[in-house]
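A structural walkthrough
For reference, the chains in residue letters:
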Amino acid sequence: MASSQILETAVANYERAAKSLGLPDYLSKKMGTPSEKVEISITPKLPDGRVLVLRTFITRHSDILGPAKGGIRMTPCVTQDEITGLAMEMTWKTSLIGIPFGGGKAGIQIDPGALSPDDKEIVIRSFTRGARRYIGPEIYVPAPDMGTNERDMGHIWDCVSYSSGTAITNGCYVTGKPILLGGIVGRREATGKGVVYSILAACQHLGIDPLSMRYAIQGFGNVGAAAAAELARLGARIVAVADLDAYVVNAHGIDVTALMAHVRCAGSLKDYPGACDPASVDFFAIDCDCLIPAAAGSQIHLRNADKIKARIIAEGANAPTTPEGDEILNQRGIFVIPDILCNAGGVFVSYLEYTMETQREQTGLPEVEARLRDRMQIKFREVSTYAQEKATTMRQAAMEIAVSRVAEGITSRGLWP
Ligand code: NAD
């Protein structure tokens with residue numbers, strides 16, 4: 001799947017919402033156009049003497065409601081278009097979840113799996129140096145995304161504080177940092193837990209017992225593993241888990257604690273007892289009641305949407321469903337919790353980290369989790385009520401609420417001069 005499929009999906013979802021809202025042409029064009037796109041070439045020198053020449057990208061899609069917020073994706077094939085599509089999604093996500101941020105995203109074109117921890121630190125520091133003038137508490141605040149993690153965010157924080165000659169940064173330059181460096185408890189698990197809270201809200205809405213459902217999760221990284229852990233803690237049955245290297249399928253239920261212990265040592269699902277080769281199983285055809293795509297974008301599409309057996313799809317990943325795939329899911333009556341709602345828990349807790357760091361405040365886990373749970377429930381109800389009133393899908397409802405808030409922000413600010 002072309003990486004620009006993510007941009008195509010973001011634009012298609014946006015245009016449908018803008019049209020349905022009947023926005024004036026100038027507003028519709030303004031919100032459909034990114035504020036700023038930059039490509040920065042970096043040349044990190046690795047400890048073994050090799051010099052890499054890497055393409056990196058930043059898109060600030062919108063800063064109407066606040067500084068651009070969004071993660072840094074590190075994959076070998078990330079493109080500016082993919083980053084722009086993801087930045088656009090972040091604009092709607094922050095607007096929908098009700099936090100004073102806009103939408104942004106960054107990309108570093110390299111395979112993190114091919115880098116040692118020391119090499120990766122040098123790449124991250126080189127990126128921070130190159131991108132320094134585009135990063136700041138009032139400009140763009142990065143966070144982890146595919147291929148980056150808490151440790152990388154700690155290096156960004158250190159790089160900024162070191163270059164300004166201070167012990168800490170003046171304000172929040174990056175979220176998802178280690179707790180010792182101003183990170184917030186619960187951020188690592190926030191996206192996955194938020195996915196689960198939105199599934200619980202969906203079950204309540206649909207009158208389903210969440211513990212009667214069988215769950216399948218694609219992706220066992222930050223989002224997928226945290227969602228699996230929370231589901232397991234609640235006593236739910238997870239029947240399939242996938243990562244890039246292997247699939248684990250067990251109709252009787254997977255032992256998530258053992259699986260996580262294996263991944264901590266082995267780095268992936270590969271070689272877990274009973275794990276199979278991805279080529280031998282059609283993951284999207286697995287018998288389950290709730291499917292959680294928590295890996296790459298564009299995974300549910302024209303050619304596999306009709307095979308999905310789940311009644312509920314909870315989009316942990318960003319843009320996991322193409323518009324053609326979405327159309328099929330809608331026709332089949334599958335209940336989709338759209339990405340901008342379902343996976344917004346991470347950016348919500350990032351917002352708590354941002355405010356905490358700005359105020360030099362400390363927050364405990366019970367407060368973070370209670371605020372996350374409340375926000376996910378409130379926003380689920382807002383979207384499902386809108387969807388019922390307008391007889392539309394959850395995705396269309398979420399998009400219309402989000403887009404209309406950004407439109408209101410533009411008119412409230414005023415467009416001129
Ligand atoms: P990660 O890099 O920690 O993990 C990604 C996982 O997906 C890995 O297990 C990888 O092996 C697996 N994977 C990738 N491609 C796959 C494929 N084709 N088939 C099966 N498995 C595959 O990334 P993450 O942070 O967990 O992010 C996952 C998704 O969630 C991304 O779409 C990301 O944009 C989105 N997201 C992440 C956050 C966050 O807080 N990290 C927040 C919101 C949305």
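Presented here is a report on the structure given in the accompanying data block. The structure displayed is predicted, hence computed values, not measured ones.

Considering the overall build of the chain
- For the chain, the count of helices and strands is 13 helices and 12 strands.
- With the principal axes as the frame, the chain shows a C-alpha extent of 55 × 55 × 40 Å.
- Contacts spanning at least 24 positions in sequence make up 70% of the contacts within the chain whose residues lie at least 6 apart.
- In the chain, 43 side chains carry a positive charge and 46 a negative one; their mean positions are 3 Å apart.

Structural notes on helix H5 (residues 150-163)
- Taking 1.5 Å of rise per residue, the 14 residues of H5 would be expected to cover 20 Å, and the 20 Å separating its terminal C-alpha atoms lies within 8% of that figure.
- Looking at the buried residues of H5, the elements they touch are strand S4 (72-75), helix H4 (117-131) and helix H11 (345-358).
- At the N-terminal boundary of H5, the capping side chain belongs to asparagine 149, with an oxygen 3.2 Å from the backbone nitrogen of arginine 151.
- Count one or two residues on from H5 and you reach glycine 165, which has phi positive near 70 degrees.

Section: a nonpolar patch on the surface
- A contiguous nonpolar patch, built from Leu200, Leu211 and Leu234 and spanning about 220 Å² of accessible area, is present on the exposed surface.
- Structurally, the position occupied by leucine 211 is in the loop between helix H6 (187-206) and strand S7 (214-218).

A word on the packing of H4 against H5
- Interaxial distance between H4 and H5 falls to 9 Å at its minimum, and their mutual angle equals 45 degrees. Judged by the inter-axis angle, H4 sits oblique to H5. Here the hand of the crossing between H4 and H5 comes out right-handed. For the pair H4 and H5, the contacting residues are Pro117, Lys120, Glu121, Ile124, Arg125 and Thr128 in the first and Arg151, Asp152, His155, Ile156, Asp158, Cys159 and Val160 in the second.
- Its residues assigned to classes, the contact of H4 with H5 shows 5 nonpolar, 2 polar and 6 charged.

Each value, and the rule that gives it
Residues numbered from 1 in each chain as written. Predicted model: local features only at pLDDT ≥ 70, side-chain atom pairs only at ≥ 80, totals over all residues. Heavy atoms only, no water. Helix = DSSP H or I, 4+ residues; strand = E, 2+ residues; numbered from the N terminus. Contact = heavy atoms within 4.5 Å. Lys, Arg positive; Asp, Glu negative; His and termini not counted. Charge placed at Lys NZ, Arg CZ, Asp CG, Glu CD. Expected span 1.5 Å × (residues − 1). Polar contact = N/O pair within 3.5 Å; in protein donor to acceptor, adjacent residues only side chain to side chain. Patch = residues over 30% accessible without salt bridge, like charges linked within 9 Å, V, L, I, M, F, W, Y side chains within 5 Å. Areas by Shrake-Rupley, 256 points an atom, 1.4 Å probe, with all protein chains shown as cover. Salt bridge = Lys/Arg side-chain N within 4 Å of Asp/Glu carboxyl O. Axes fitted to C-alpha atoms, helices over the stretch in contact; angles between N-to-C directions. Parallel < 35°, antiparallel > 145°, perpendicular 65-115°, else oblique. Left-handed = near helix turned anticlockwise from the far one by under 90°. Nonpolar A, V, L, I, M, F, W, Y, C, P; charged D, E, K, R; others polar.

Remember, this is a structural readout, not a statement about activity or role.
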